[in-house]
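Spelled out, the chains give:
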Amino acid sequence: MQDPTKVTVTSITENYVDMLLADEEHISRAGLFHHFDPKRTPPIGENGIALLVEVEWGRYSYRALFDTGMTGKVLLHNAAALGVDLGQLDHVVVSHGHPDHYGGLVGLLESREASLPLSIHPEAFLPRYLRLASGEVAPFYNSDLTREHLERLGGRVVGHREPLEVGPGLIATGEIPRNVAFEQPSRRIDTPNALIQVAHDGCVHADVVPDDQAMAIKLGDGIIVLVGCSHAGVVNSIRHALEITGAQRVLGVFGGFHLGFPGVPQERTTATIEALRELEVEMLCPMHCTGMQAMMEMRRQLPDAFVMNCTGTRVHFDAARIELSAKNGPGGARRS
Ligand SMILES: [Fe+2]
Ligand SMILES: [Fe+2]
């Protein structure tokens, strides 16, 4: 397949709404005018992520959705508010089997006539539980995520553990090797008052989310990396995406970096920012479970790369522009 020459990443669902953010070069917003114009509907925030990726080459285009947010209701509402026709989607990639990432799938499939290919790790379908500190167990919170259910609604499930090209220049990474010391599962705490567990081989284990995958979008000699909740670690995800694509530059990283949970040590945020600096990430769009504190720290330390990305933000990348701006570290992909 041919690589794209233009890429647009639109945040359809994201935790935050900020109508005061202004347009910038190559970045457009659902801003003040969109929110106050009585003829328009403002998008709304929801815990979760749904990123629309539109790639273009010549006269052709292709649209993939990376994650679907927590509910179909918000996904469909925001898509309509932002003028996005989800009936035109060509593919969906699910980052992992937690409801804030796949929860909108059922509503999305129900809203469409045509079938839709879904790229997902097979272990995303394992039954998951939430065990509270009180001992109480919320059973099987992902019971609506089964292959049979999705296929009955028109989903064409493509289960994979290895990298998979899902469209022109679009690669679902599959399972992500976990090599970075400060991103090892033993150093991560999901939340101090609840334990997320998963059933596997007849036993219930702590959930380290082996199904976590990212998406890489090839553009020129670089890639844009989308992460869901970074359970595999955002640095591991970027390194894996670079390795499987052979790309030379990281033009952008969008998604949840998993630094905002109570109990995540400050050193992990510090080490993550240092690694992002070393990787020379040119545009940094931390969202969702990154947490506001870590986001503000990134903004302070990597001001040229940082972009506040909220519901309704659209970021436009163009291969010709990217080529003109030689690899030059933070902010490179933003400069024309
Ligand atoms: Fe998650
Ligand atoms: Fe999440």
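Above: the structure in question.
Throughout what follows, the structure given in this document is the object of discussion. (Residues numbered from 1 in each chain as written. Chains lettered and ligands numbered in written order. Predicted model: local features only at pLDDT ≥ 70, side-chain atom pairs only at ≥ 80, totals over all residues. Heavy atoms only, no water.)

## Some points on the nonpolar core
In step 1: With 35 residues, the main nonpolar core has Val225, Ile238, Val253, Phe257 and Leu284 as its most contacted residues.
In step 2: The set of elements that each furnish at least two residues to this core consists of strand S15 (222–227), helix H6 (234–245), strand S16 (249–256), helix H7 (266–278) and helix H8 (292–301).
In step 3: The greatest single-element share of this core, amounting to five residues, is contributed by H6.
In step 4: In this structure isoleucine 238 touches Val225, Val250, Val253, Leu276, Leu279 and Val281, once residues within four positions along its chain are discounted.
In step 5: In this structure, Val93, Phe317, Ile322 and Ala333 belong to the second largest nonpolar core, which totals 31 residues. (Core = buried A, V, L, I, M, F, W, Y, C linked by side-chain atoms within 4.5 Å. Buried < 20%, exposed > 50% of the residue type's maximum accessible area, 1.4 Å probe, protein only. Helix = DSSP H or I, 4+ residues; strand = E, 2+ residues; numbered from the N terminus. Contact = heavy atoms within 4.5 Å.)

## Let's talk about the coordination of the iron ion (ligand 1)
In step 1: Around the iron ion (ligand 1), the protein contributes the donor atoms His96 (NE2), His98 (ND1) and His231 (NE2), at 2.2 to 2.3 Å from the metal centre.
In step 2: Along the chain, the residues donating to the iron ion (ligand 1) fall in the pattern H-x1-H-x132-H.
In step 3: The metal-metal distance between the iron ion (ligand 1) and the iron ion (ligand 2) is 3.9 Å. On the criterion of sequence distance, the pair formed by histidine 98 in the loop between strand S5 (91–93) and helix H3 (99–102) and histidine 231 in the loop between S15 and H6 is long-range, its members being 133 residues apart.
In step 4: Look at histidine 98 and you get buried, because its relative accessible area is 5%. (Donors = N, O, S within 2.8 Å, 3.2 Å for Na, K, Ca; no water.)

## What about the coordination of the iron ion (ligand 2)?
When four donors bind a metal tetrahedrally, each ideal donor-metal-donor angle is 109.5 degrees, and when six bind octahedrally, the ideal angles are 90 or 180 degrees.
In step 1: Protein-derived ligands of the iron ion (ligand 2) are Asp100 (OD), His101 (NE2), Cys229 (SG) and His288 (NE2), with the metal-ligand distances lying across 2.1 to 2.3 Å.
In step 2: Each donor residue of the iron ion (ligand 2) belongs to the same chain, and together they define the spacing D-H-x127-C-x58-H.

## Considerations on the sheet that holds strand S3 (residues 50–57)
The strands making up a sheet associate through backbone hydrogen bonding, with each pair oriented either parallel or antiparallel.
In step 1: One open sheet holds the eight strands; their spatial order is S2-S18-S1-S3-S4-S5-S6-S9, and the pairing between them is mixed. The open sheet has two edge strands with one neighbour each: strand S2 (27–28) and strand S9 (155–159).
In step 2: One ladder, built from seven bridges, connects S3 with strand S4 (residues 60–66); its direction is antiparallel. Opposite valine 53, over in S4, you have alanine 64 as the bridge partner. (Pairing = 2+ DSSP bridges.)

Just geometry here; none of it tells us what the structure is for.
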